[in-house]
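Listed below, chain by chain, are the residues.
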Amino acid sequence: FPVTIIRSVVILAGIAMGYLLMRHRELGFRIDRVGKALVLLLGVFFLLGLFGVDFYHSWYSGHERMGGIFSLAHYVLFFFVLQFAVRGWEETEVGGITFLGWKTVLRATWGVSTMIAVVAILQRLSDSSILYVQPGGRVYSTLGNPIYLGNVMAVSIFLSLYLFFREQYRWGYVVGAMLMLGGLLYSESRGALFGLGLGVLLSFIYIFYHSGKQAKKYLG
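Since the model is a prediction, treat every value here as computed from it, not as a measurement.

1. A look at helix 5 (residues 102–125)
Phase 1: The end-to-end C-alpha distance of helix 5, which contains 24 residues, comes to 34 Å, matching closely the 34 Å that a straight helix rising 1.5 Å per residue would cover.
Phase 2: Residues of helix 5 that are buried: K103, V105, L106, W110, S113, T114, I116, A117, A120, I121, Q123 and R124.
Phase 3: Packing partners of the buried residues in helix 5 comprise helix 6 (146–166) and helix 7 (172–187).

Here it is, written out as structure tokens:
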């Protein structure tokens, strides 16, 4: 049921975007290199499924995994909807229409991720039957799968740190990152933990090559 809702909302948002672009040419929308790469990826997946063993299964995949071409097409459309509807860091008005800013979107995403992390920690520490998980086992919060939880927490930790530096060192984001780290560890998802470590390593490499001599010394 949630999958049907998500797909329906994405399709309706895509239709609304197309309608606005036809009615208001001044809004403008161009597919950038990332968008072109996603379209190319979708095309490659389609060809792989078309010439593969079972196109039907390639198109839909497993319902619980949402990994088929059909799902990927919705993700690509969602990317374009976000690119169209979110412009700049703050809210922006173009052609009499107010568009969201990334600050609002990322704050909302961070808030949801923090609540997911809190539920995950409570699942591990509490013996309440309301939370559906016995204490001491792998947890999945509201996502239904520990792997999904670990992946969300790994990405959200970096989101917390980005907002921390972007919004003048607001320490609430650090608290959120610590909760998310707890959620990741309690998910016991090795892939997500490996991704977090790799992300930290790549971040240090990036900072090293874009910092002054003193910073390079400390990072080294």
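2. Some words on the pattern of salt bridges
Phase 1: Per the stated rule, a full pass over the model turns up four salt bridges.
Phase 2: Between E90 and K103 there is a salt bridge, with the nearest N and O atoms lying 3.0 Å from each other. Linking E90 in the loop between helix 4 (69–85) and strand 1 (92–94) with K103 in helix 5, this pair joins segments that are 13 residues apart in sequence.
Phase 3: A residue is classified by how much of its surface remains accessible, and E90, at 43% relative accessible area, is partly exposed.

3. Description of the layout of surface pockets
Phase 1: Looking at the second largest pocket, its volume works out to about 350 Å³.
Phase 2: Put simply, the parts of the chain that give the lining of the second largest pocket at least two residues each are helix 6 and helix 8 (190–209).
Phase 3: Here the element with the most residues in the lining of the second largest pocket is helix 6; it accounts for six residues.
Phase 4: Of the residues assigned to the lining of the second largest pocket, the class counts are nine nonpolar, one polar and no charged.

4. Quick word on the confidence of the model for the protein chain
Phase 1: Looking at the protein chain, pLDDT values average 87 and 95% of them are 70 or higher.
Phase 2: At the low end of the mean pLDDT range in the protein chain sits helix 9 (residues 213–219), at 72; at the high end sits helix 7, at 94.

5. Section: unusual backbone geometry
Phase 1: For S141, which is not a glycine, the phi torsion comes out positive at approximately 55°.
Phase 2: One can find S141 in the loop between helix 5 and helix 6.
Phase 3: Taking relative accessible area as the criterion, S141 reaches 5% and is therefore assigned buried.
Phase 4: Phi angles above zero are rare outside glycine, and E188 is one such case at about 55°.
Phase 5: Counting through the fold element by element, E188 comes out in the loop between helix 7 and helix 8.
Phase 6: Exposure remark for E188: the relative accessible area of 41% places this residue in the partly exposed category.

6. Focus: the packing of aromatic side chains
Phase 1: Overall, the coordinates contain 16 aromatic pairs when judged by the stated rule.
Phase 2: On the basis of an interplanar angle of 90° and a centroid distance of 6.4 Å, the ring pair of W59 and Y60 is categorised as edge-to-face.
Phase 3: Pairing Y60 with F70 gives two aromatic rings, centres 5.5 Å apart and planes at 55°, and the pair type is tilted. A residue pair is termed long-range when its members are at least 10 positions apart, and Y60 in helix 3 (residues 55–60) and F70 in helix 4 qualify at 10 residues.
Phase 4: Accessibility expressed as a relative area gives 37% for Y60, which makes it partly exposed.
Phase 5: Joined through ring pairs, the aromatic side chains of F46, F55, Y56, W59, Y60 and F70 make up one cluster.
Phase 6: If you follow R87 out to its NZ or CZ, it ends over the ring of F99, 4.4 Å from the centre.
Phase 7: Sitting above the plane of the W89 ring, R166 keeps its charged end 4.0 Å from the centroid.

Reading guide: rules and limits
- Residues numbered from 1 in each chain as written.
- Predicted model: local features only at pLDDT ≥ 70, side-chain atom pairs only at ≥ 80, totals over all residues.
- Heavy atoms only, no water.
- Helix = DSSP H or I, 4+ residues; strand = E, 2+ residues; numbered from the N terminus.
- Expected span 1.5 Å × (residues − 1).
- Buried < 20%, exposed > 50% of the residue type's maximum accessible area, 1.4 Å probe, protein only.
- Contact = heavy atoms within 4.5 Å.
- Salt bridge = Lys/Arg side-chain N within 4 Å of Asp/Glu carboxyl O.
- 1 Å grid on protein atoms, 1.4 Å probe; cavity = no way out; pocket = protein on both sides within 12 Å on 5 of 7 lines; lining within 4 Å.
- Points joined across faces, edges and corners; volume = space filled by probe spheres on them.
- Nonpolar A, V, L, I, M, F, W, Y, C, P; charged D, E, K, R; others polar.
- pLDDT = per-residue confidence, 0-100.
- Phe/Tyr/Trp six-rings, centres within 6.5 Å; stacked < 30°, edge-to-face > 60°.
- Lys NZ or Arg CZ within 6 Å of the ring centre and 35° of its normal.

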